[in-house]
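# Tertiary structure, described
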Amino acid sequence: IKKWNFEWKNTSSIELMYLEGFVYMTDSYHLYILEEHTGELVHTEIVPKENGYYWHIAASKDKIFAQTSASIIAYEPWHLRGE
């Protein structure tokens, strides 16, 4: 049984990861954060221009790590942001 569906405009999906109630997904230029039960897009993080493209994401309990073509960026996970 299908629960939800999320579609994006860019055709390249690079990474998918789950952490504490949220699904993190990248395409080349965006880090999408989706609520796990509804698939609702709660936030989009755009890769900084000087960093090229998103390549890989990973997580610890208090950080999301995004590898780009020029750097590694550490973000605060959505469940800790209190937004």
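## Overview of the pattern of salt bridges
Two side chains carrying opposite charge are able to pair once their charged atoms lie near each other. Summed over all chains, the structure comprises one salt bridge. For Lys-63, the salt bridge goes to Asp-62, with nearest N and O atoms at 3.6 Å. For Lys-63, a relative accessible area of 33% puts it in the partly exposed group. Asp-62 gets classed as partly exposed once you look at its relative accessible area, which sits at 38%.

## Some remarks on the sheet that holds strand S7 (residues 72-75)
Strand order in the open sheet formed by three strands is S5-S6-S7, and the pairing between neighbours is antiparallel. For this open sheet the edge positions go to strand S5 (54-59) and S7, each flanked by a neighbour on one side alone. Across this sheet, the average inter-strand angle for adjacent strands is 20°, counted without regard to direction. Examined bridge by bridge, S5 and strand S6 (residues 64-68) share five bridges and lie antiparallel to one another. Each bridged residue has a counterpart across the sheet, and for His-56 the counterpart in S6 is Gln-67.

Thresholds applied
Residues numbered from 1 in each chain as written. Predicted model: local features only at pLDDT ≥ 70, side-chain atom pairs only at ≥ 80, totals over all residues. Heavy atoms only, no water. Salt bridge = Lys/Arg side-chain N within 4 Å of Asp/Glu carboxyl O. Buried < 20%, exposed > 50% of the residue type's maximum accessible area, 1.4 Å probe, protein only. Pairing = 2+ DSSP bridges. Helix = DSSP H or I, 4+ residues; strand = E, 2+ residues; numbered from the N terminus. Axes fitted to C-alpha atoms, helices over the stretch in contact; angles between N-to-C directions.

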